[in-house]
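Single-letter residue listing:
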Number of protein chains: 2
Amino acid sequence: MGQLIGAHSALTQELSAQLVEQHGLTMSEVEVLLLLSRAPEHSMRRIDLSRDVRLSPSGVTRMLDRMEATGLVEKGACKQDARVSYAVLTEAGMSKLQEVWPDHVAAIERLLGERFDARELNELKELLNRVADQVECEPGS
Amino acid sequence: MGQLIGAHSALTQELSAQLVEQHGLTMSEVEVLLLLSRAPEHSMRRIDLSRDVRLSPSGVTRMLDRMEATGLVEKGACKQDARVSYAVLTEAGMSKLQEVWPDHVAAIERLLGERFDARELNELKELLNRVADQVECEPGS
DNA sequence: AGTCAACTGTTGCATACGCAAGCTTCTCTG
DNA sequence: CAGAGAAGCTTGCGTATGCAACAGTTGACT
């Protein structure tokens with residue numbers, strides 16, 4: 001049964017290393033950029049980000065702190081509910097995503113393409129899609 | 001493509017939470033117990049553990065420190081090569097593994113059984129096995 | 001209106017990990 | 001056989017993260 005653990009950590013470690021080395025971003029941060037790019041107004045509530053990237057609320061707070069410091073996102077207020085604050089994608093964040101995303105996809109395809117053919121890839125995708133319903137993976141407008 | 005990572009990480013977070021809550025062990029620690037239980041003399045070199053559980057050498061040092069503190073493993077010297085030190089499974093460690101492993105396997109099968117039938121499970125295992133092997137054997141880019 | 005539970009977000013503390021540097025020991029080469 | 005370099009391991013430091021506690025806000029129920 002250990003192959004589950006092994007496959008997960010092997011993939012994420014390899015992809016994360018490349019991402020950090022080439023672009024200075026973690027996978028969670030890229031995921032946030034992608035989610036925001038596809039969201040209306042390029043903005044999401046922090047609590048929703050928390051669910052979608054599977055981080056605790058405090059983890060999201062700190063990740064967005066980092067991303068604000070580098071100018072990738074901004075904070076936005078909510079007029080209807082003073083509790084919530086939005087994460088809003090900046091122009092710089094959008095540019096960064098468009099710079100990073102092709103490399104990231106290429107890395108994934110290189111890793112998986114070395115051992116899987118197209119049919120197996122589709123099988124795998126179909127199986128895993130049932131585990132966690134995820135957004136499609138193209139940056140939004 | 002992000003669903004590959006997302007699905008795995010959703011599963012492993014769930015499994016890890018159960019493991020920590022019910023038995024006070026991380027998945028890496030369980031993996032170490034399992035590897036040692038299958039190894040000759042119930043012992044392995046730290047460097048080999050490092051590769052098998054995909055942790056850095058320093059990560060292994062600290063994990064084994066924790067496991068020694070709770071009596072699950074012991075340190076062993078190597079007479080032929082004074083550089084290497086072994087991690088050796090104790091009786092307590094063996095007992096712990098026998099206590100933990102059935103629960104862990106049951107949790108995995110429960111989580112996956114909710115979504116897959118037996119045939120799909122075998123497909124998935126086969127595919128994931130190759131992910132782990134492939135990345136592990138990479139010469140380094 | 002008043003109260004209280006639920007929700008959103010942040011902060012203090014603890015933890016697990018990686019990387020770079022260092023130490024010791026081994027091995028290989030000239 | 002001496003020195004260089006590799007191998008195994010540990011340590012110092014930085015970082016990403018979770019949990020628990022907290023504060024502010026909202027809404028629901030009395």
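In this text, all values refer to a predicted model and were calculated from it rather than measured experimentally.

(A) Spatial organisation of the overall build of chain A. For chain A, the count of helices and strands is six helices and three strands. Taken from N to C terminus, the helices and strands of chain A fall in the order α-α-β-α-α-β-β-α-α. Buried positions account for 30% of the 141 residues belonging to chain A. Here the contacts in chain A between residues at least 6 apart in sequence split such that 50% fall between residues at least 24 apart.

(B) Structural detail: the protein's contact with DNA strand D. Taken together, 21 residues lie around DNA strand D, and Ser56, Ser58 and Gly59 of chain A together with Ile47 and Ser58 of chain B are the ones closest in. When residues of the surface near DNA strand D are traced back to their parent elements, those giving at least two are α4 (57-69) of chain A together with α3 (46-53) and α4 (57-69) of chain B. When residues of the surface near DNA strand D are assigned to their parent elements, the largest contribution, five residues, is made by α4 of chain A. When the residues that make up the surface near DNA strand D are grouped by side-chain class, the tally is six nonpolar, eight polar and seven charged.

(C) Here's a closer look at the protein's contact with DNA strand C. The immediate surroundings of DNA strand C are formed by 22 residues, with Ile47 and Ser58 of chain A together with Ser56, Ser58 and Gly59 of chain B found nearest. When contributions to the surface near DNA strand C are tallied by element, the ones reaching two or more residues are α3 (46-53) and α4 of chain A together with α4 of chain B. Broken down by element, the residue count for the surface near DNA strand C peaks at five residues, all from α4 of chain B. Residues that form the surface near DNA strand C fall into these classes: seven nonpolar, eight polar and seven charged.

(D) How the structure looks around helix α5 (residues 91-113) of chain A. Residues and elements named next belong to chain A. With 23 residues, α5 extends 33 Å from end C-alpha to end C-alpha; this agrees with the ideal 33 Å at 1.5 Å per step. Of all the bends in α5, the largest measures some 30° and sits at valine 100, one to four residues before the proline proline 102. Regarding α5, the residues found buried are Gly93, Lys96, Leu97, Val100, His104, Leu111 and Leu112.

(E) Looking closely at the nonpolar core. Within the largest apolar cluster, 22 residues are counted, with the highest numbers of intra-cluster contacts made by Val32, Leu33 and Leu36 of chain A. Counting residues per element, this core draws most heavily on helix α2 (residues 27-38) of chain A, at six residues. Among residues more than four places away in sequence, those in contact with leucine 36 of chain A are His42, Ser43, Met44, Val73, Ala87 and Leu89 of chain A. Counting 18 residues, the second largest nonpolar core, distinct from the first, contains Leu25, Leu49, Met63 and Ala87 of chain B.

(F) Quick peek at the sheet that holds strand β1 (residues 43-45) of chain B. Residues and elements named next belong to chain B. Ordered by their spatial adjacency, three strands build an open sheet running β1-β3-β2, and the pairing between neighbours is antiparallel. The open sheet has two edge strands, β1 and β2 (73-77), and neither has a second partner. Direction aside, neighbouring strands of the sheet carry axes that sit 30° apart on average. Where β2 and strand β3 (residues 85-89) come together, five bridges link them in antiparallel fashion. Bridge assignment links glutamate 74 to a residue of β3, and that residue is valine 88. Of the strands in this sheet, β1 and β3 touch α3, which is tilted by about 90° from β1.

Conventions and cut-offs
- Residues numbered from 1 in each chain as written.
- Chains lettered and ligands numbered in written order.
- Predicted model: local features only at pLDDT ≥ 70, side-chain atom pairs only at ≥ 80, totals over all residues.
- Helix = DSSP H or I, 4+ residues; strand = E, 2+ residues; numbered from the N terminus.
- Buried ≥ 20, exposed ≤ 12 C-beta atoms within 10 Å, placed from the backbone.
- Contact = placed C-beta atoms within 7 Å.
- Near = placed C-beta within 6 Å.
- Nonpolar A, V, L, I, M, F, W, Y, C, P; charged D, E, K, R; others polar.
- Expected span 1.5 Å × (residues − 1).
- Bend = angle between axes of the 7 residues up to and from the residue.
- Core = buried A, V, L, I, M, F, W, Y, C linked by C-beta atoms within 7 Å.
- Pairing = 2+ DSSP bridges.
- Axes fitted to C-alpha atoms, helices over the stretch in contact; angles between N-to-C directions.

Function cannot be inferred from these measures alone, as they are strictly geometric.
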